[in-house]
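One letter stands for each residue in the lines below.
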Amino acid sequence: MIGRHSSSRAIYAITSVIRGRAPLLADARNAALTMQELARCEAEQRVGNIAWVVMPDHVHWLFQLRQGALGSSVQAFKSRVARGINQACASCGPVWQAGYYDHRIRDDEDLAAQARYLVANPLRRGLVARLADYPYWYCTWISGDEDL
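Below you will find a few notes about this structure.

**Structural notes on the overall build of the protein**
Okay, so step 1: Broken down by element type, the protein carries four helices and five strands.
Okay, so step 2: Listing each helix as α and each strand as β along the protein from the N terminus yields β-α-β-β-α-β-α-α-β.
Okay, so step 3: Here the C-alpha atoms of the protein give a radius of gyration of 15 Å, agreeing with the 15 Å that 2.2 N^0.38 yields for 148 residues.
Okay, so step 4: Each principal axis of the C-alpha distribution contributes one length, and for the protein these read about 45 × 40 × 25 Å.

**A short note on the sheet that holds strand 4 (residues 101-104)**
Okay, so step 1: The five strands lie next to each other as 4-1-3-2-5, forming an open sheet whose pairing is antiparallel. Every interior strand has two partners, whereas the edge strands, strand 4 and strand 5 (137-139), have only one. If you compare each strand with its neighbour and ignore which way they point, the axes differ by 20 degrees on average.
Okay, so step 2: Two elements, strand 1 (residues 11-17) and strand 3 (residues 58-65), share seven bridges in a ladder whose sense is antiparallel. The residue bridging Thr15 from the neighbouring strand is His60, located in strand 3.
Okay, so step 3: Helix 1 (residues 28-43) rests against strand 2 (47-54) and strand 3 of the sheet, and its axis sits at about 165 degrees to strand 2.
Okay, so step 4: Along the sheet, helix 2 (residues 70-88) makes contact with strand 1, strand 2, strand 3 and strand 4, crossing strand 3 at roughly 140 degrees.

**Overview of the environment of Leu127**
Okay, so step 1: Mapped onto the elements, Leu127 comes out in the loop between helix 4 (121-124) and strand 5.
Okay, so step 2: Judged by relative accessible area, which is 40%, Leu127 ranks as partly exposed.
Okay, so step 3: Those residues within four positions of Leu127 in sequence are excluded, and the remaining contacts are Met55, Pro56, Pro122 and Tyr134.

**With respect to the packing of helix 1 against helix 2**
Okay, so step 1: Taken N-terminus to C-terminus, the directions of helix 1 and helix 2 make an angle of 150 degrees; their axes are 9 Å apart at the nearest point. Taken together, the axis directions place helix 1 and helix 2 in an arrangement best described as roughly antiparallel. Pair helix 1 / helix 2 crosses with right-handed handedness. Here helix 1 contributes Arg29, Asn30, Leu33, Thr34, Glu37, Leu38, Arg40 and Cys41 to the contact with helix 2, which in turn contributes Ser73, Phe77, Arg80, Val81, Gly84, Ile85 and Ala88.

**A few points about unusual backbone geometry**
Leave glycine aside and you will find that most residues have negative phi; peptide bonds, for their part, are mostly trans.
Okay, so step 1: A positive phi is found at Arg21, a non-glycine position, where the angle reads about 55 degrees.
Okay, so step 2: Position of Arg21 relative to the elements: it lies in the loop between strand 1 and helix 1.

Analysis parameters
- Residues numbered from 1 in each chain as written.
- Predicted model: local features only at pLDDT ≥ 70, side-chain atom pairs only at ≥ 80, totals over all residues.
- Heavy atoms only, no water.
- Helix = DSSP H or I, 4+ residues; strand = E, 2+ residues; numbered from the N terminus.
- Rg over C-alpha atoms; globule rule 2.2 N^0.38 Å.
- Pairing = 2+ DSSP bridges.
- Axes fitted to C-alpha atoms, helices over the stretch in contact; angles between N-to-C directions.
- Contact = heavy atoms within 4.5 Å.
- Buried < 20%, exposed > 50% of the residue type's maximum accessible area, 1.4 Å probe, protein only.
- Parallel < 35°, antiparallel > 145°, perpendicular 65-115°, else oblique.
- Left-handed = near helix turned anticlockwise from the far one by under 90°.

Right, dumping it as structure tokens:
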């Protein structure tokens, strides 16, 4: 994308939204597929996952870029999730809104704040009372039992 510069080893917070804010990821199969693709991006050495949360209509993803361009990693993730959802739902067409929001993490304080904000999304949206009760999130250093 014009104006977007990515750096290997940099840490990014990404938000990608489902087209029309449809709650496609509220379906457990679609959420599981999304989590598998987040893990797959790490297994392919594209990224090092730090944290993510799959919300009903969007995904927040915090990672260290390991190889390639930021856009290539996000595009691979979004494309594979879209194919999987379309296949599972016997449908076709766009799943995601075009583009995504990204924020490059500048320091450890910013990293911790982003991780806490990201995984607290289900709490702020009132989906659960305790983070540990929400099944669609991951963070390398937050267990779900502590206060955010």
